[in-house]
Amino acid sequence: MRVSTTEFTVIGGGIAGLVTARRLAMAGRTVRLIEASNHLGGTVASHLVGGINLDAGAESFATRNNTIADLARELGLGDDVVSPSAEGAWLQPVHGAALPLPNTGVLGIPATPLDGHTIAVLGLAGALRAQLDSLIPWLGHRTDISLGALVRRRMGKATLEKLVAPVVHGVYSLHPNDLPLERVAGLKERLALHGSLAAAARSMRDAMPAGTAVQGIRGGINRLITELAADLTTYGVIIDFERRIESAEALADLDGTVIVAAPGILAPVRGRTVTLATLVLDAPELDAEPRGSGVLVAPGCTAVSARALTHATAKWQWLKEYAEGRHIVRLSYNDEPDHLVEVARHDAEVLLGVSLPQESVADFARQQWIRPAPLAAAERTDGVIVVGETVGGTGLAGIVAHAYATVDRLLAPAADEAESEDARENGRHD
Amino acid sequence: MTLNSDHPLLDGRTANSPIIRAYRGDRPETTPVWFMRQAGRSLPEYRKLREGNEMLEACLTPDLASEITLQPVRRHKVDAAIFFSDIVIPAKLAGVEVEIVPGRGPVFANPIRTAADVAKLRPIEPEAFAPIREAVAQTVAELGTTPLIGFAGAPFTLASYLVEGGPSKDQQRARTLMYSDPQTWATLLNWCADIAGEFMKVQVEAGASAVQLFDSWVGSLSEQQYVRRVAPHSKRAFQSLRGYDVPKIHFGVGSGEVLKAMHSVGADVMGVDWRIPLDEADRRLGGGIPLQGNIDPALLGAPWHVLEAHVRDVMERGRAAPGHVVNLGHGVGPDTDPDVLTKIVELVHQEG
């Protein structure tokens, strides 16, 4: 007879819920996972476009701390972790033609403000203003400062709006003025250490493994989900599909220690809508990869409504092989445009600088996601354990690392005792 | 859960038998010996008994299964009986349509290849085990102080049969499913682990003093695949025996690469095939693990002096391990001369 007391209930089958459930189950705990939809993965999804199974959400992960590459290795995908092509990205400024993005810094912060690429984007005056950063002493700043305010103070408005804003937007879907400095892991510490923003950016860049900020997986990031689901099955996690937990009150009825890994339970989902348009193109002009791996769009540019374009078949060698001569281009939008296929085709034409007649579009897909805003302190219920994007930050690496830390705390002997005492008091351990 | 007090291991019948002592890492006065597939087709008395009886039906007829299990003990004086059954029996008991096609092996009417196929698999109803319980109980009553070894096919080997629909050369369909749909694979292997585990448990509860989990086809896997996609399920099968203190033997053909990983799923004793000598197996396992094996079945037809030298070499190399039970490196073939097996038993016992 099997003992079937559930020790942990995880709500939400996205990446955070999956890695949490997996770690707990591998530690020998009995785990139940509750998922509102009929499939796992959340925003790490896939869709079939032009006959190719493509990531419909995240298509790369940050290499910081190797969290995701290590996970891929554990899941047997280690041989399939790939780096994007060395081709850098381009920048679409507010006016004029696209320019190669200076690629020596992080988040668009120029590591060497007076190099040619940086001057080309900022103009000489803007670049000289950015160079002032090396002369301004670092005296420490208030901790609630935004990245935007910091960049503006040290490097000027041109650097902020022309370089940092487009890059930050591409990563966080936020303007740097809305990005708290502490969400940029390590920047504040390095700033204190090196004294200038450029030097901090340089040292962050140097700390990245093999010089690339992101990596992907041959066949798509979504393969992580297939493998995680298999592991959950292997380790006997019970999965309830199509079961929705509506509110925080409903948590009390669940067995064992409850871990919330889905937005919308502790507080209504607030967030930004991101729309992704994927074009599969028959366009031999794109063979030359005119914009490298893609184009970031400066805020305020009215020539296109897309915020960023990824030339996916130029960025990922494996995808080029899969696509057999076709090109895959992905554009992201901050809103929900009408006539998306036409808008996306037009934007791709402008950003890539080639003509893309309607008949070059072999297939198209639209995918919409809500990126949940961080949970406010007031929305945290005491004693409820939360993982995922509302608390773990943006990006797979941050979310997974946060989930691991949470599991480690739960499994630490002291936390264990405290936890079961809590649970006894709440009468949750039957 | 623990064994009943009238179990042969607890009531004094088998706990001190040479083979149980060897399985527990001891060196009894005589080295124990038995043969995989000793019960069955190589014996004329078996062939006579089986006449007119379908193989799987024989497995599920207590009188027949018990008699076939006992025949080699009487004839060869081996140190243990191995329960006469087939690795597909648990699947059959769970309602899966299967028959043994002479000359080919088990054939499944509907191979299991998709998530939907797997979802249709059901657990075994406890009543379905009645003929197994009865056959084991009858056999154990006859055996007295000779232990009965229970057995089951490991999840990977069983699943391979189910996916392939029958025996296959390199289990390619099964290994493809392992890559293409790992979740369905894991669900299938968990089902196999549970039915194999129940099958072993029933045999132990009815009086078996040891169990052997056969992963016959494990040699088609890389170590990485084995550790990731197979080992957790084999572990799950052994975990069905939690609380029962019986020696657990794990055996695979072509297992050299995965010997250590196979041991780590919860086995007490490792069966070794003929491909690596026992002292090398001991080295790969890091020492301290009782071993079983590993006479090359290909030498069973060789002149006696050749076979004799080989058996002595096996015994000599087996001294590297804390305990050694002599066996073949794979099952007895249908054309084996039974007298050769009897002579091996005599030799092993006389060598001590």
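Residues numbered from 1 in each chain as written. Chains lettered and ligands numbered in written order. Predicted model: local features only at pLDDT ≥ 70, side-chain atom pairs only at ≥ 80, totals over all residues.

Enquirer: Would you explain the domain arrangement of chain A in this entry?
Expert: Much of the literature gives interface size as the accessible area that the parts lose upon coming together. By the assigned domains, chain A splits into domain 1 (8-45 + 65-79 + 221-267 + 375-425), domain 2 (101-211) and domain 3 (271-371). The distance between the C-alpha centroids of domain 1 of chain A and domain 3 of chain A comes to 33 Å. (Domains from an automatic or database assignment.)

Enquirer: Whenever I open this one, the sheet that holds strand β6 (residues 81-82) of chain A confuses me. Can you help?
Expert: Hydrogen bonds between backbone groups are what pair the strands of a sheet, and the pairing can be parallel or antiparallel. Residues and elements named next belong to chain A. Pairing is antiparallel in the open sheet, where three strands are placed in the order β5-β9-β6. In this open sheet, the two strands that pair with only one neighbour each are β5 (61-62) and β6. In terms of strand pairing, β6 meets strand β9 (residues 214-217) through two bridges, oriented antiparallel. Among the inter-strand pairings, V81 is bridged to a residue of β9, identified as I217. (Pairing = 2+ DSSP bridges. Helix = DSSP H or I, 4+ residues; strand = E, 2+ residues; numbered from the N terminus.)

Enquirer: Looking at this model, I keep getting lost on the interface of chain B and chain A. Mind explaining?
Expert: Taken together, the contact between chain B and chain A spans 10 residues of the former and eight residues of the latter. Among the secondary structure elements, those contributing two or more residues to the side of chain B that touches chain A are α10 (182-205) and α11 (223-239) of chain B. Ranked by residue count, the leading element in the side of chain B that touches chain A is α10(B), at six residues. Looking at the side of chain B that touches chain A residue by residue, the classes come out as four nonpolar, five polar and one charged. (Contact = placed C-beta atoms within 7 Å. Nonpolar A, V, L, I, M, F, W, Y, C, P; charged D, E, K, R; others polar.)

Enquirer: Help me out: how do you make sense of the environment of B:T145 in this one?
Expert: Residues and elements named next belong to chain B. Turning to its location among the elements, T145 is positioned in the loop between α7 (130-143) and β4 (148-153). Residue classification places T145 among the exposed residues on the basis of 11 C-beta atoms within 10 Å. Once the C-alpha coordinates of T145 and K77 are considered, the two residues, 68 residues apart in sequence, prove to be 12 Å apart. If we skip the residues at most four places from it in the chain, T145 touches R13, T14 and S17. (Buried ≥ 20, exposed ≤ 12 C-beta atoms within 10 Å, placed from the backbone.)

Enquirer: Help me out: how do you make sense of the confidence of the model for chain A in this one?
Expert: Note that predicted coordinates carrying low pLDDT should not be read in detail. Model confidence for chain A is summarised by a mean pLDDT of 88, while 93% of its residues fall at 70 or above. Segment residues 415-430 of chain A is flagged for pLDDT under 50; beyond a separation of four residues in sequence, or across chains, it makes 14 contacts in the model. (pLDDT = per-residue confidence, 0-100.)

Enquirer: Honestly, unusual backbone geometry in this entry has me stumped. Any pointers?
Expert: A negative phi holds for most residues other than glycine; trans holds for most peptide bonds. All names here are of chain B. Following G293, the chain continues into N294 via a peptide bond in cis, with omega recorded as -20 degrees. Relative to the helices and strands, N294 is located in strand β8 (residues 291-295). Positive phi, normally seen in glycine, also occurs at K77, with a value near 60 degrees. Positive phi, normally seen in glycine, also occurs at Q171, with a value near 55 degrees. Its place among the elements puts Q171 in the loop between α8 (155-164) and α9 (172-180).

Enquirer: Any chance you could explain the pairing of strand β3 (residues 46-49) of chain A here in plain terms?
Expert: On a regular strand, each side chain points to the face opposite its neighbour's, so the side chains alternate between the two faces of the sheet. Residue and element names in this part refer to chain A. Here four bridges tie β3 to strand β4 (residues 52-55), and the two strands are oriented antiparallel to one another. Bridging from a neighbouring strand, V49 pairs with I52 of β4. Hairpin connection of β3 to β4: two residues between the antiparallel strands, including G50 at a positive phi of 60 degrees.

Enquirer: Looking at this structure, I do not really get the sheet that holds strand β17 (residues 385-386) of chain A. What am I missing?
Expert: Residue and element names in this part refer to chain A. With respect to topology, five strands assemble into an open sheet ordered β10-β2-β1-β11-β17, the strand pairing being parallel. Of all the strands in the sheet, the pair left with one neighbour each is β10 (238-240) and β17. Pairing analysis gives four bridges linking strand β1 (residues 8-11) to strand β2 (residues 31-34), with the strands arranged parallel. Looking across to β2, one finds that T9 is bridged to R32.

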